[in-house]
Amino acid sequence: VQLQASGGGLVPAGGSLSLSCAASGTFFFAFNAMGWYRQAPGKQRELVAALTGSGSTNYRDSVTGRFTISRGNAKNSVHLQMNNLKPEDTAVYYCAASIPSRAWRYWGQGTLVTVSS
């Protein structure tokens, strides 16, 4: 199983970016949750948003109202729409996926989001 994240880049404060994550090697099963984590320099990795198989979403407080996680058209894919970006959103963003036996079992390679002030 591999997760491929894309869509990072450089954007001015107040701008928008959309991240995408697609899984390969998952023909026979579906994840029970997918999400996005981020890690800023010198900080711990933190959960940004999560989407369960039933459609429930969860966001960290600092991105609520600005970020939206949604299911992609392809099986086991997810998007993260980020609006009104702030310099403190600058981080490497990682896509992750859970299976019933283990939360956040699979991880993508990370994509850098840089928000300039």
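Here, the structure is the one placed above.
Conventions and cut-offs
- Residues numbered from 1 in each chain as written.
- Predicted model: local features only at pLDDT ≥ 70, side-chain atom pairs only at ≥ 80, totals over all residues.
- Heavy atoms only, no water.
- Helix = DSSP H or I, 4+ residues; strand = E, 2+ residues; numbered from the N terminus.
- Buried < 20%, exposed > 50% of the residue type's maximum accessible area, 1.4 Å probe, protein only.
- Contact = heavy atoms within 4.5 Å.
- Pairing = 2+ DSSP bridges.
- Axes fitted to C-alpha atoms, helices over the stretch in contact; angles between N-to-C directions.

K.L.:
Run through the side chain of R66, naming residues and quoting values.
P.N.:
Among the structural elements, R66 can be located in the loop between β6 (57–59) and β7 (67–71). A relative accessible area of 8% places R66 in the buried class. Setting aside residues up to four positions removed in sequence, R66 forms contacts with Q81, M82, N83, N84, L85, K86 and D89.

K.L.:
Run through the sheet that holds strand β3 (residues 17–24), naming residues and quoting values.
P.N.:
Across the sheet, which stays open at both edges, the 4 strands sit in the order β1-β3-β8-β7 with antiparallel pairing between neighbours. Each end of this open sheet is capped by a strand with a single partner; those strands are β1 (2–6) and β7. Shown here is a sheet whose adjacent strand axes are inclined to one another by a mean of 15°, direction ignored. Relative to strand β8 (residues 77–82), β3 is paired through 6 bridges, and the arrangement is antiparallel. Across the sheet, residue C21 finds its bridge partner in β8, namely V78.

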